[in-house]
Amino acid sequence: MVRAGLTPDRIVAAALGLADEVGFEKVTLSALARHFGVKDASLYSHVRNLQDLRTRMALMAGGEMIDRIAVAVAGRAGKDALAAFAGAYREFALARPGRYAATQIRIDQALVADSPDLRRTAEITYGMLRAYGLEEPDLTDAVRLLRSTFHGYCALEAAGGFGAPRDVRKSWDKAVDALHITLEHWPREGENGERKTHD
């Protein structure tokens, strides 16, 4: 066990590693203290409490996730970008379950605004969707559709919730195809709030 050189980043990185092993909800300050071979009190000069730790975990894990997504979508547009984005999202969610769970917690919006990684997440996600010609409020609606589809699918897959013999990856690819078609034919909302038919 490592005893010396505690820093907030080292503590959070260790917490994320533990989360991948035992689950996000099971990460505690006591467990981290045992990992570092110190008393619980030694951690409080670096993180205020469990909520502070979880927030830091969410921010660090979000940065790791968007790094993967950014590499995947670089130089791509349209369906290629969507498929690359989706693939990197699914890979991260399944390979790093504790880190992924950390990215799903609610974070104070002031912290979101101050986080370069989370701003970058928004820029990449909204940038990809603007290539479909979407503007607000449709952009936010589309982001929510993608997030709920990706998260729901990954959560079910991770839990073994798909029992049919159909290959899970093929169904995933079909879902991404369907999302692409939906985005191309998005029911846009006019200035008065009424839906407009896509030309």
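Position numbers for residues start from 1 in each chain and track the written sequence from start to end. A pLDDT threshold of at least 70 governs which residues receive local features in this predicted model, and a stricter bar of 80 or more applies before side-chain atom pairs are shown or counted, although totals over entire chains, interfaces and linings include all residues. To get the side-chain values, all heavy atoms of the structure are used, and hydrogens and water are removed first.

For the rest of this paragraph, the subject is the packing of helix α8 (residues 138-158) against helix α9 (residues 168-184). Between α8 and α9, whose axes approach to 12 Å, the crossing angle comes to 170 degrees. As the angle between them shows, α8 and α9 are arranged roughly antiparallel. On the side of α8, the interface is formed by Ala142, Leu145, Leu146, Thr149, Phe150, Tyr153, Cys154 and Glu157, while α9 contributes Val168, Ser171, Trp172, Leu179, Thr182 and Leu183. Residues belonging to the contact of α8 with α9 are distributed by class as follows: 10 nonpolar, three polar and one charged. To obtain each axis, a line is fitted to C-alpha atoms, and for helices this fit is confined to the stretch in contact; angles are then taken between N-to-C directions over 0 to 180 degrees. Going along the chain from the N terminus, every DSSP run of H or I of four or more residues is numbered as a helix, and every run of E of two or more is numbered as a strand. If an angle is under 35 degrees, it is roughly parallel; if it is over 145, roughly antiparallel; if it lies from 65 to 115, roughly perpendicular; otherwise it is oblique. Note on definitions: a residue-residue contact is assigned when non-hydrogen atoms from the two residues lie within 4.5 Å. By the convention adopted, Pro, Cys, Tyr, Trp, Phe, Met, Ile, Leu, Val and Ala count as nonpolar, Lys, Arg, Asp and Glu as charged, and the other residues, Gly among them, as polar.

By the element assignment, Gly127 lies in helix α7 (residues 116-130). Here the alpha-carbon distance between Gly127 and Ala155, two residues 28 residues apart in the chain, equals 26 Å.

This next bit is on the side chain of Thr103. Among the structural elements, Thr103 can be located in helix α5 (residues 97-103). For this analysis, a polar contact is any N or O atom pair within 3.5 Å, provided that within protein one partner can donate a hydrogen and the other can accept it, and provided that sequence-adjacent residues contribute only side-chain to side-chain pairs. A polar atom in the side chain of Thr103 sits 2.6 Å from the backbone oxygen of Tyr100. A polar contact of 3.0 Å, which involves the side chain of Thr103, links it to the side chain of Gln104. Ignoring any residue separated from it by four or fewer positions in sequence, one finds Thr103 in contact with Ala58, Ala61, Gly62, Met65 and Arg147.

Moving on to the pattern of salt bridges. Take a side-chain nitrogen of Lys or Arg and a carboxyl oxygen of Asp or Glu: if they are within 4 Å of each other, that pair is a salt bridge. If you walk through the whole model with that rule in mind, you get 10 salt bridges. In this structure, Arg56 and Asp52 form a salt bridge, with 3.2 Å as the shortest nitrogen-oxygen distance. In this pair, Arg56 and Asp52 are both assigned in helix α3 (residues 50-73), four residues apart and thus about one turn of the helix distant. Residues Lys79 and Asp177 are paired through a salt bridge, measuring 3.1 Å at the closest nitrogen-oxygen approach. With Lys79 in helix α4 (residues 78-95) and Asp177 in helix α9, this residue pair connects regions lying 98 residues apart in the sequence. Because the salt bridges share partners, they merge into one network encompassing Asp20, Glu64 and Arg99.

Moving on: the nonpolar core. One finds Ile69, Leu82, Phe85, Leu129, Leu146, Phe150 and Leu183 to be the most contacted residues of the largest nonpolar core, which totals 33 residues. Secondary structure elements with two or more residues in this core: α3, α4, α7, α8 and α9. The greatest single-element share of this core, amounting to nine residues, is contributed by α4. When neighbours within four sequence positions are excluded, Leu82 is seen to be in contact with Met128, Tyr132, Leu146, Phe150, Val176, Leu179, His180 and Leu183. By convention a nonpolar core is built from buried Ala, Val, Leu, Ile, Met, Phe, Trp, Tyr and Cys residues, the set being connected through side-chain atoms within 4.5 Å. Burial status follows relative accessibility: with a 1.4 Å probe on protein chains alone, a residue under 20% of its type maximum counts as buried, one over 50% as exposed, and anything between as partly exposed. Formed by 19 residues, the second largest nonpolar core is a distinct cluster that contains Leu32, Phe36, Val47 and Leu53.

Between helix α1 (residues 8-22) and α3, the shortest axis-to-axis distance is 9 Å and the interhelical angle comes to 80 degrees. By the angle between their axes, α1 is roughly perpendicular relative to α3. Contacts between α1 and α3 involve Pro8, Asp9, Ile11, Val12, Ala13, Ala15, Leu16 and Ala19 from the former and Leu53, Arg56, Met57, Met60, Ala61 and Glu64 from the latter.

The topology assignment puts Asp108 in the loop between α5 and α6 (109-114). Sequence spacing of Asp108 and Phe36 is 72 residues, and the spatial spacing of their C-alpha atoms is 29 Å.

Exposure remark for Asp52: the relative accessible area of 8% places this residue in the buried category. Separated by 2.9 Å, the side chain of Asp52 and the backbone nitrogen of Arg48 make a polar contact.

Compared with the 34 Å implied by 1.5 Å per residue over 24 residues, the 34 Å span of α3 between its first and last C-alpha is a close match. The opening residue of α3 is Asn49, an N-cap whose side-chain oxygen sits 3.2 Å from the backbone nitrogen of Gln51. Where α3 terminates, the next one or two residues include Gly75, which has phi positive at roughly 80 degrees. An expected span of 1.5 Å times one less than the residue number is assigned to each helix.

Attention now goes to the packing of aromatic side chains. Two aromatic rings from Phe, Tyr or Trp, using only the six-membered ring of Trp, form a pair when their centres are within 6.5 Å; if the ring planes differ by under 30 degrees the pair is stacked, by over 60 it is edge-to-face, and anything between is tilted. Using the criterion set out here, one finds six aromatic pairs in the structure. Ring geometry for Tyr89 and Tyr100: centres 5.6 Å apart, planes at 75 degrees, overall edge-to-face. Of this pair, Tyr89 sits in helix α4 while Tyr100 is found in helix α5, placing the two residues 11 residues apart along the sequence. Per residue, the accessibility class of Tyr89 equals that of Tyr100, and both read buried. Measuring from ring centre to ring centre gives 5.6 Å for Phe150 and Trp172, while their planes differ by 40 degrees; the resulting arrangement is tilted. Residue Phe150 is located in helix α8, and its partner Trp172 is located in helix α9; the two are separated by 22 residues in the primary sequence. Like Trp172, Phe150 is buried. Grouped by ring-pair contacts, the aromatic residues Phe85, Tyr89, Tyr100, Phe150, Tyr153, Phe162 and Trp172 constitute a single cluster. Stacked on the ring of Trp172, the Lys or Arg Arg90 has its end atom at 5.6 Å from the ring centre. Definition used: whenever NZ (Lys) or CZ (Arg) falls within 6 Å of the ring centre and also within 35 degrees of the ring normal, the charge is taken to sit over that ring.

Purely spatial values, then, with no claim about function.
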